[in-house]
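One-letter residues, chain by chain:
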Amino acid sequence: MRMRTIYFDNNATTRVADEVLEEMKPFFCKLYGNPSSMHTFGGQTSRHISKAREQVANLLGCDPSEIIFTSGGTESDNAAIRGAVAAAPNKRKVITSRVEHPAVLSVCREVENHGYTVVELGVDKSGRLDIGELEERLDDDTAMVTIMYANNETGVIFPIEKVAELVGSRGVVFHTDAVQAVGKISMNLSKSGIDLLSLSGHKLHAPKGVGALYVRKGTRIAPFMLGGHQESGRRAGTENVPGIVGLGKACELAAGHIEEENTKVKYLRDKLEDALLAKCADSRLNGDKKNRLPNTSNISFEFIEGEAILLLLDKFGICASSGSACTSGSLEPSHVMRAMGVPFTAAHGSIRFSLSRYNTEEEVDYTIAKMPQIVNQLRELSPFVAK
Ligand code: PLP
């Protein structure tokens, strides 16, 4: 049995890059001062925060003053949605999509409990957004629109620039959850209609617990975290200096690796996907094959349970994730699979493989060799397969 872990769960989290860890180290035991302190020892850390702000801004193509550091994707999403809604008190509608991450959907549903109308736009069977529906539902009562850049389960990329243009033409604030897209798709926010954008460090080889929110100059949002005057009064709380320094370095590295994501990582993903679809009977791809993140593949193996597949993959040291969540004893297919209308028997057996630049061809070949065996073994036991 193979002892080394093969990690194909990079949309869940990524390993911290060695260069990122090295950059962070001095900020734990040597340069541990509070950036807000009056003394030189503390104050000197603030220039490292400024450097990180520039590194993040460079990756996104925006001005450093437009970056607010947060604790991660969830906080950025919360801050953007709550902040934009609070800044438009006379408007009572929020538009989102049915396939957002819970960090967006849960906030929208809470907003709904406060008397707002929340519109959840649908997707087609390939997970593509219905822009016509967006156009129809946008009106003068819309406080903000929040639609993800790329889906975490399928990797499907939405036409965000087109969406931003449409929303902006109606004078409405537009937020995008780009947690899965940053570092994989090149962006130039200075030329974009996006007003607010969320990113998360641990999805791009920085540590967990740090992220950022891009706020386009002039966009009105009410601060979400109140307290001290950090981040120019836009996000209170003593800065996570090591995390911020790590995020900056990870963004600098990501800018240099986007090409590799779209060549080497994509090649490995395609090799894995093509072989699994060819070698495993009754398997199907979930999501638009063309407009997809280069690292993500979501495949349904019909008539068997995703959880069972994951357990057997785990025995071979292979980490992936499943599209169904076992909540309170009932196996519910994910909201994304349901929104796409993936049949029940397929949604249950959906597995997400998400790669990174640290994966190798040998790992892909090993998985290709093991997977048909796993699928056949489970099909033998499946009550849905005629024997
Ligand atoms: N948004 C998307 C699309 C995600 O995939 C995730 C994490 O999986 C989040 C938001 C939440 O980010 P974080 O884990 O940094 O809070």
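Residues numbered from 1 in each chain as written. Predicted model: local features only at pLDDT ≥ 70, side-chain atom pairs only at ≥ 80, totals over all residues. Heavy atoms only, no water.

Turning next to unusual backbone geometry. For His-205, which is not glycine, the phi torsion reads 70° and is therefore positive. Tracing the backbone through its elements, the reader meets His-205 in the loop between strand S7 (196–200) and strand S8 (211–215). With relative accessibility at 4%, the residue His-205 sits in the buried group. The residue Asp-282 is not glycine, and still its phi comes out positive at about 50°. (Helix = DSSP H or I, 4+ residues; strand = E, 2+ residues; numbered from the N terminus. Buried < 20%, exposed > 50% of the residue type's maximum accessible area, 1.4 Å probe, protein only.)

For the rest of this paragraph, the subject is the domain arrangement of the protein. Accessible area lost upon the coming together of the parts is a frequently used measure of interface size. Looking at the protein, the domain boundaries give domain 1 (6–13 + 258–381) and domain 2 (18–253). Counting residues at the interface gives 29 residues for domain 1, matched by 31 residues for domain 2. One can count one salt bridge joining domain 1 with domain 2. Counting across the domain 1 and domain 2 interface gives 14 residue pairs in polar contact (both at pLDDT 80 or more). Those elements giving two or more residues to the side of domain 1 that touches domain 2 turn out to be helix H9 (241–279), strand S10 (296–301) and helix H11 (335–339). Ranked by residues supplied to the side of domain 1 that touches domain 2, first place goes to H11 with five residues. Considered class by class, the residues forming the side of domain 1 that touches domain 2 number nine nonpolar, 14 polar and six charged. (Domains from an automatic or database assignment. Contact = heavy atoms within 4.5 Å. Salt bridge = Lys/Arg side-chain N within 4 Å of Asp/Glu carboxyl O. Polar contact = N/O pair within 3.5 Å; in protein donor to acceptor, adjacent residues only side chain to side chain. Nonpolar A, V, L, I, M, F, W, Y, C, P; charged D, E, K, R; others polar.)

Counting 67 residues, the largest nonpolar core has Leu-60, Leu-134, Ile-147, Leu-197 and Leu-247 as its most contacted members. In terms of residues, this core owes the most to one element, H9, which gives nine residues. Here this core spans two domains, and each of domain 1 (6–13 + 258–381) and domain 2 (18–253) adds at least three residues to it. The contacts of Leu-247, once residues within four sequence positions are left out, are Val-56, Phe-69, Leu-199, Gly-201, Leu-204, Ala-206, Val-210, Gly-211 and Ala-212. Formed by 28 residues, the second largest nonpolar core is a distinct cluster that contains Ile-6, Leu-272, Leu-312 and Leu-378. (Core = buried A, V, L, I, M, F, W, Y, C linked by side-chain atoms within 4.5 Å.)

Turning our attention to the environment of Ser-283. Tracing the sequence through the fold places Ser-283 in strand S9 (residues 283–285). On the basis of relative accessible area, Ser-283 is assigned to the buried category, the value being 17%. Taking the C-alpha atoms as reference, Ser-283 lies 6.0 Å from Glu-302; in sequence the two are 19 residues apart. If we skip the residues at most four places from it in the chain, Ser-283 touches Leu-276, Leu-277, Ile-299, Ser-300 and Phe-301. A polar contact is formed between the side chain of Ser-283 and the backbone oxygen of Leu-277, at a distance of 3.4 Å. From its side chain, Ser-283 meets the backbone oxygen of Cys-280 in a polar contact 2.7 Å long.

Here the focus is the sheet that holds strand S12 (residues 321–322). Strand order in this open sheet of four strands is S9-S10-S15-S12, and the pairing throughout is antiparallel. Among the strands making up the open sheet, the edge pair consists of S9 and S12. As defined by bridge partners, S12 adjoins strand S15 (residues 350–354) across two bridges and the pair is classed as antiparallel. Along S15, the bridge assignment pairs Ser-321 with Arg-352. Against the sheet, H9 touches S9, S10 and S15, its axis set at about 10° to S10. (Pairing = 2+ DSSP bridges. Axes fitted to C-alpha atoms, helices over the stretch in contact; angles between N-to-C directions.)

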